[in-house]
Protein chains: 2
Amino acid sequence: MKKRTSLKDIAEALGVSVTLVSYVMNNKTKEGRVAPETAQKIRQTAKELNYQPNQLARSLKSKRSQTIGLIVADISNPFFANLARTIEDEAHSLNYTVIFGSSDENHIKLKKVLDFLTTRQVDGFIIAPTDECKETLIELKKSQIPFVLIDRYFEDLPTNYVIIDNFQASLDATNHLLKKGHEKIGIIHYKSELIHFKQRVNGYLKALEMSGISPDPKYMQEVTYANFEADIKAALRNLIYEEEVEAIFFCTNTLALEGLKQMFDWGIKAPGQMDVVAFDQNVVYDFFNYFIPHIKQPIKEMGQEAVRILIGQINEKVPKINTVCLRTTLETQTIDQLKLKT
Amino acid sequence: MKKRTSLKDIAEALGVSVTLVSYVMNNKTKEGRVAPETAQKIRQTAKELNYQPNQLARSLKSKRSQTIGLIVADISNPFFANLARTIEDEAHSLNYTVIFGSSDENHIKLKKVLDFLTTRQVDGFIIAPTDECKETLIELKKSQIPFVLIDRYFEDLPTNYVIIDNFQASLDATNHLLKKGHEKIGIIHYKSELIHFKQRVNGYLKALEMSGISPDPKYMQEVTYANFEADIKAALRNLIYEEEVEAIFFCTNTLALEGLKQMFDWGIKAPGQMDVVAFDQNVVYDFFNYFIPHIKQPIKEMGQEAVRILIGQINEKVPKINTVCLRTTLETQTIDQLKLKT
DNA sequence: ATAACACGCTTAAACGTTTAAGCAAATAGA
DNA sequence: TCTATTTGCTTAAACGTTTAAGCGTGTTAT
């Protein structure tokens, strides 16, 4: 690789000091302390030699890498990919670069990625935490590297976070199914200690309670990450053929997708034959004969807020904890309404 | 942010020189030139102070940032998100970090992102080039920063690249439709100078020729990036209602998705009423009553090859150009066969 | 005439590493 | 006993920046 041109090269070419070149390139020619002709010459030579500042050296001096680390469960998951995209845009516009890593929902891997990115001197992290990663986050807090949790958080760990109102979202979803007259409503959720998942279950329970329906544990099916597909199949079989529920609420994007696929394979039309509500959006929903009611997350706002909060923290001397909880919307538009618009 | 501990901190704590600490931490205690007890003490103190090397400073010295820049059209596009994921895994395993940017298929933006990442002293780039970005790539070549093109390339620009055999893929796809007895086969492709798109058209033409069918320009529909949705709608209307084609080949992921959605909205069952072949995979295909024949790209191999070639180039003194062309497979499994397996 | 200041630039140190070179003390070889 | 080598460490310079401090000239004010 050819040597990139440095301030020194420009300085030598013109017989001036490196300092002077630095001042000019940074427009720190304070109070006309540099002769306009000199400045002009420097700028021109810089252009000719195609000078591009070495951000590494700059960072070393300033102790700011202008880089943020993004750690999500899996960058190839559409939800996180979309999030990554908005974070990229926001960060770049604020002159920050984004380096990323995937945790695969595994707290050991998360720690590994975190350490890996830390040696890169990131100025801060945006993290979608996994189950059981609280210890790692406590350590991270001690190191005083700023970070913002996204999508998920821990109730008893004061940190910055950007989340959605999972309880309300779930309440809305369940109410929607109740309003359609269903009483036997199933829910499929992950087995996880993550509070945001629990709140989704809580929202469901609250909605039932408010309608005077006492929840039936048999309608509530847990699925493990490890045995994802088989668990969903079993859960659905239970709900549909054993318990004969009238509607199903899928607590996440991935659960909804896999669940709908399974139902599709069994020839059960959703929502034609089985009312459902899904969490999060998906291109797949466009390919159903009926509109799939789902909870729409404000992904763009989430990404932007996370970046802004993080950069705020990076620049504060005494950072205060910032938490943001965004509202979701329940999309229940019927296919006919949809058609009218296009 | 708390000061991260440096070699100096360890050195001062023990009253030794920074150099010695550096030697120990890098296991460069060549030929027993450091007393084992000293080494032991240094290692322990390093652990106690939670020392993590500053990769920035290291990079400055070594002129290697151990970072690669990934530029794709849009990280939120599933194809690129998947690619990014395999690139991340491969890079991390080789001790490289990945920073990314999206070009939005716009060569101006690509140049901007490229410059932005260049100041970060990346050791090399993996780039999915856009239309009209050849000039930028020529400049990049001059700068001698190694790079590997992925998914797309330019015929008259000798560079490293990892692509698929688009011609063959397209040939396979069209042959599949021919074998089903169709003669009036439509194709929907992007209006673009990118050679890989052209080769997809060429494969289609070749297949027709080999079957002794003379291609009809009216069966070949161009779509612009700018007016994507409307163009596809018009193209489909033309092919289906005017030309009354018997089958359609969609040249990309996005075209297939949007096209199928449109057909779905019109109530045209694919492939029940209209045979199709799509390019690239998609979760959506699982939600059709029939199997959607499609060309499967070896995304994992593409990502891995790209990283390996790039890092090879970074380490070569006199790099040779490396090109890799991978074979695709045409997936034509019927839904019944699929069911048998699950 | 002389002090004061503005101007246009340079010197030097620092950020955290790496690495070649060097040096004093201990040990070995003769 | 004297030289040569090994051992265990240090000095110094460098990577490309930034930034406070400084230093001659020349101009202005008194």
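Read on for a plain summary of the structure. (Residues numbered from 1 in each chain as written. Chains lettered and ligands numbered in written order. Predicted model: local features only at pLDDT ≥ 70, side-chain atom pairs only at ≥ 80, totals over all residues. Heavy atoms only, no water.)

1. Concerning the protein's contact with DNA strand C
Applied cut-off: Nearness is judged by heavy atoms alone; a residue qualifies as near a molecule or strand once a single heavy atom is within 4 Å of it. Pairing of N or O atoms within 3.5 Å defines a polar contact, subject to two protein rules: one partner must be a possible hydrogen donor and the other a possible acceptor, and residues neighboring in sequence count only if both atoms are side-chain atoms. Runs of E in the DSSP output that reach at least two residues are strands. Runs of H or I that reach at least four are helices, and both are numbered from the N terminus. Each residue gets one label: Ala, Val, Leu, Ile, Met, Phe, Trp, Tyr, Cys and Pro are nonpolar, Asp, Glu, Lys and Arg are charged, and the others, such as Gly, are polar.
Of all residues adjacent to DNA strand C, which total 31 residues, the nearest are Arg33 and Thr38 of chain A together with Leu7, Ser22 and Lys28 of chain B. For DNA strand C, the backbone portion of the atoms within 4 Å of the protein, that is sugar and phosphate, comes to 50%. Measuring from a phosphate oxygen of DNA strand C, one finds a side-chain N or O atom of Ser17 of chain A at 2.8 Å. Ser22 of chain B is positioned with one of its side-chain polar atoms (N or O) 2.8 Å from a phosphate oxygen of DNA strand C. Put simply, the parts of the chain that give the surface near DNA strand C at least two residues each are helix H2 (18-25) and helix H4 (55-62) of chain A together with helix H2 (18-25) and helix H4 (55-62) of chain B. With four residues, the top contributor of residues to the surface near DNA strand C is H2 of chain B. Here the surface near DNA strand C is built from residues that sort into twelve nonpolar, eleven polar and eight charged.

2. Quick word on the pattern of salt bridges
Short version of the rule: What makes a salt bridge here is a side-chain nitrogen of Lys or Arg within 4 Å of a carboxyl oxygen of Asp or Glu, nothing more. Remark: exposure states derive from per-residue accessible area (1.4 Å probe, protein chains only) relative to the maximum for the residue type, with buried under 20%, exposed over 50%, and partly exposed in between.
In this structure the tally under the stated criterion is 35 salt bridges over all chains. Asp216 of chain A serves as the salt-bridge partner of Lys218 of chain A, at 4.0 Å between the closest nitrogen and oxygen. Note on Lys218 of chain A: relative accessible area 47%, which makes it partly exposed. Between Lys206 of chain B and Glu209 of chain B there is a salt bridge; the shortest N-O distance is 3.9 Å. Placement of the pair is Lys206 of chain B and Glu209 of chain B together in helix H9 (residues 195-210), with a separation of three residues, close to one helical turn. On the accessibility criterion, Lys206 of chain B (32% relative accessible area) is partly exposed. Taken together, the shared-partner salt bridges connect Asp74, Asp104 and Lys109 of chain A together with Arg85, Glu88 and Asp89 of chain B into one network.

3. What to know about the interface of chain A and chain B
To keep things clear, this is the line we draw: Between two residues, a contact is recorded if the distance between any of their heavy atoms is within 4.5 Å. Buried area: the accessible area, evaluated with a 1.4 Å probe, that two parts lose upon being put together, summed over both parts.
If you look at the interface, chain A gives 63 residues, while chain B gives 63 residues. Both sides of the chain A and chain B interface together cover about 5700 Å² of buried area, and 58% of this is carbon and sulfur. Three residues, Leu56, Phe100 and Phe287 of chain A, lead the burial of chain A against chain B; their summed loss comes to 14% of the area buried on that side. Inspection of the chain A/chain B interface yields six salt bridges. Here Asp104 of chain A and Arg85 of chain B are joined by a salt bridge, their closest N and O atoms 2.8 Å apart. The tally of links between chain A and chain B comes to 17 residue pairs in polar contact (both at pLDDT 80 or more). Counting only elements with at least two residues in the side of chain A that touches chain B, the list comes to H4, helix H5 (78-93), strand S2 (97-102), helix H6 (107-118), helix H7 (134-143) and helix H11 (253-265) of chain A. Sort the elements by how many residues they give to the side of chain A that touches chain B and H5 of chain A lands first, with seven residues. For the side of chain A that touches chain B, the class distribution of residues is 25 nonpolar, 20 polar and 18 charged.

In short, geometric facts, not functional conclusions.
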